Amino acid sequence: MSPAKDPAVALPRTRKQRKRLKRKVKIKAKRRAQKKKNLKEKENVTPLVKKYWLQRYDLFSKYDVGIKLDEEGWFSVTPEEIAAWQARRCAGAGVVIDAFAGVGGNAIQFAKVRNSVVNPLACRHVIAVEIDTHKVALALHNAKIYGVQDHIDFIVGDFFQLAPFLKGDVVFLSPPWGGPSYKAKENFTLDLLKPKDGYSLFKVAQAITPNIIMYLPRNIDVLQASELSWLSSPPLDIEVEENFVRGYSKGITIYFGDTAFS
Ligand code: MGP
Ligand code: SAH
């Protein structure tokens with residue numbers, strides 16, 4: 001067999017074969033570069049962030065496209081699978097207010113549902129409120145990666161001050177839980193939420209709409225949180241759901257009003 005005919009040493013002869021080989025080489029080089037980038041990144045993350053960095057693709061499936069987070073963003077962002085589920089749960093809502101938008105984990109998924117073929121009317125627009133200017137910049141950047149920036153209005157400000165001026169069909173509340181040390185409490189009560197307790201927060205949201213979704217710690221006092229539904233007369237419908245990623249519990253979502261059993 002001549003060397004040219006030996007498949008082991010055969011060189012690509014047709015244009016198509018050459019193109020395919022070029023593409024393969026490019027992909028391999030890209031993978032190598034990404035691996036190198038990841039190793040460098042791993043060395044640079046703070047000890048606190050390391051655990052969350054290892055879960056980066058659960059947080060944002062498009063992480064490698066250039067997602068950016070700050071330290072609080074790393075430990076607070078809602079994992080993508082959970083955020084996507086919560087977004088699907090408020091199908092039919094025209095405007096969703098994400099009161100504590102962080103680096104955009106939830107806002108992006110709320111805005112994405114709009115493009116859904118299954119329900120083209122779902123979650124038309126997102127109003128994303130966030131007090132930290134830097135986080136808003138990160139959230140906008142991340143929203144661009146997912147191509148949903150045109151469906152989100154980012155507002156820099158304090159939700160408690162802005163609430164009286166906001167209109168929406170659903171309010172989503174994922175406030176700070178006081179950092180990763182929230183787990184130290186056996187029973188996480190509503191007064192531990194930041195910057196204000198859960199009752200005050202709920203009342204402020206309720207003035208906008210009874211359709212409220214709260215993302216809370218997995219050690220939340222569920223009975224106490226469920227009692228928020230009694231702040232309305234008649235009491236709001238309520239549904240409590242535990243959220244898992246890869247079999248690990250990550251948080252509890254409570255749906256009130258029309259978002260319950262939707
Ligand atoms: P975690 O318990 O700190 O991480 O957060 P993990 O990987 O479950 O660690 P383990 O050691 O307990 O197994 C779990 C999830 O809770 C995060 O992915 C965030 O979605 C959410 N979360 C955590 N914190 C501290 C906050 C917070 O302050 N606010 C909000 N809204 N979400 C948070
Ligand atoms: N769901 C978000 C994470 C929210 S973490 C995500 O998936 O990315 C809670 C966020 O609330 C933090 O980013 C914090 O800066 C913001 N925050 C704290 N107090 C606030 C207030 N009064 N109004 C609006 N945002 C606030």
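Residues numbered from 1 in each chain as written. Chains lettered and ligands numbered in written order. Predicted model: local features only at pLDDT ≥ 70, side-chain atom pairs only at ≥ 80, totals over all residues. Heavy atoms only, no water.

The protein chain has the name Trimethylguanosine synthase in an unreviewed UniProt entry, where Rehmannia glutinosa is given as its organism.

Draft legend 1. Here's a closer look at the overall build of the protein chain. Within the protein chain, the secondary structure is distributed over 10 helices and seven strands. For the protein chain, the C-alpha atoms occupy an extent of roughly 90 × 40 × 35 Å along the three principal directions. Scored against the burial criterion, the 262 residues of the protein chain give a buried share of 46%. Taking as baseline every contact in the protein chain between residues at least 6 positions apart, the subset at least 24 positions apart corresponds to 68%. (Helix = DSSP H or I, 4+ residues; strand = E, 2+ residues; numbered from the N terminus. Buried < 20%, exposed > 50% of the residue type's maximum accessible area, 1.4 Å probe, protein only. Contact = heavy atoms within 4.5 Å.)

Draft legend 2. Up close: a positive patch on the surface. A surface patch of positive charge is lined by Arg15, Lys16, Arg18, Lys19, Arg20, Arg23, Lys24, Lys28, Arg31 and Arg32. With respect to the helices, strands and loops of the structure, lysine 24 is situated in helix α1 (residues 15–44). Overall, the relative accessible area of 58% leaves lysine 24 in the exposed class. (Patch = residues over 30% accessible without salt bridge, like charges linked within 9 Å, V, L, I, M, F, W, Y side chains within 5 Å. Areas by Shrake-Rupley, 256 points an atom, 1.4 Å probe, with all protein chains shown as cover. Salt bridge = Lys/Arg side-chain N within 4 Å of Asp/Glu carboxyl O. Lys, Arg positive; Asp, Glu negative; His and termini not counted. Charge placed at Lys NZ, Arg CZ, Asp CG, Glu CD.)

Draft legend 3. Spotlight on the site of ligand 2. Close contacts around ligand 2 come from 22 residues, with Asn106, Glu130, Asp158, Phe159 and Ser174 the closest. The contact in question runs from an oxygen atom of ligand 2 to an N or O atom on the backbone of threonine 78, over 3.0 Å. Glycine 105 places a polar main-chain atom, nitrogen or oxygen, 3.2 Å from an oxygen atom of ligand 2. Protein contact buries 94% of the 580 Å² of open area that ligand 2 shows by itself. Elements with a minimum of two residues in the shell around ligand 2: α4 (71–76), α6 (105–113) and α8 (159–162). For the shell around ligand 2, the residue count by class is 10 nonpolar, eight polar and four charged. (Near = heavy atom within 4 Å. Polar contact = N/O pair within 3.5 Å; in protein donor to acceptor, adjacent residues only side chain to side chain. Nonpolar A, V, L, I, M, F, W, Y, C, P; charged D, E, K, R; others polar.)

Draft legend 4. Region of the structure containing the site of ligand 1. As a structural note, the neighbourhood of ligand 1 is formed by 19 residues, with Tyr52, Val77, Trp177, Tyr182 and Arg218 the closest of them. Between ligand 1 and valine 77, the relevant distance is 2.7 Å, taken from an oxygen atom to a main-chain nitrogen or oxygen of the residue. At 2.5 Å from an oxygen atom of ligand 1 is found a side-chain nitrogen or oxygen belonging to tyrosine 182. Relative to its free-state accessible area of 650 Å², ligand 1 is covered by the protein chains to the extent of 88%. Considering only residue class, the shell around ligand 1 consists of 10 nonpolar, five polar and four charged.

Draft legend 5. How the structure looks around the sheet that holds strand β7 (residues 248–256). Read from one edge of the open sheet, seven strands run β3-β2-β1-β4-β5-β7-β6, paired in mixed fashion. The sheet terminates laterally at β3 (152–156) and β6 (238–245), the two strands that pair on one side only. Each neighbouring strand pair of the sheet contributes to a mean axis angle of 20°, computed without reference to strand direction. The sheet contact formed by strand β1 (residues 95–98) and strand β2 (residues 125–130) spans four bridges and is parallel. Residue valine 95 lies in a different strand from β2, and its bridge partner there is histidine 125. α6 contacts β1, β2, β3 and β4 (170–173) of the sheet and is inclined by roughly 170° relative to β2. Packing of helix α7 (residues 133–145) onto the sheet brings it into contact with β2 and β3, and relative to β3 it is tilted by some 170°. (Pairing = 2+ DSSP bridges. Axes fitted to C-alpha atoms, helices over the stretch in contact; angles between N-to-C directions.)

Draft legend 6. The arrangement of the packing of aromatic side chains in detail. Counted under the stated rule, the structure contains 11 aromatic pairs. Taken together, a centroid distance of 5.0 Å and an interplanar angle of 80° make the contact between tryptophan 177 and tyrosine 182 edge-to-face. Residue classification places tryptophan 177 among the buried residues on the basis of a relative accessible area of 15%. Every member of this aromatic cluster is reached through a ring pair, and the members are Tyr57, Tyr63 and Trp74. Just above the ring of tryptophan 53 sits the side chain of arginine 56; from NZ or CZ to the centre is 3.7 Å. Over the ring of tyrosine 146 we find lysine 62; its NZ or CZ atom is 5.2 Å from the centre of that ring. (Phe/Tyr/Trp six-rings, centres within 6.5 Å; stacked < 30°, edge-to-face > 60°. Lys NZ or Arg CZ within 6 Å of the ring centre and 35° of its normal.)

Draft legend 7. Molecular detail of the pattern of salt bridges. Summed over the entire model, instances satisfying the criterion amount to six salt bridges. Glutamate 239 is the partner of arginine 89 in a salt bridge, and the nearest nitrogen-oxygen pair spans 2.6 Å. Residue arginine 89 is found in helix α5 (residues 80–89), and its partner glutamate 239 is found in strand β6; the two are separated by 150 residues along the sequence. Grouping residues by exposure puts arginine 89 and glutamate 239 together as buried. Among the charged side chains, a network of salt bridges with common partners joins Asp70, Glu72, Asp132 and Lys135.

Draft legend 8. Structural detail: α7. Here α7 spans 19 Å end to end across 13 residues, near enough to the 18 Å set by a 1.5 Å rise per residue. Buried residues along α7 sit against α4, α6, β2 and β3. Here α7 starts with a cap whose side-chain oxygen sits 2.9 Å from the backbone nitrogen of histidine 134, and that cap is aspartate 132. Looking one or two places after α7, you find glycine 147, whose phi comes out positive at around 65°. (Expected span 1.5 Å × (residues − 1).)

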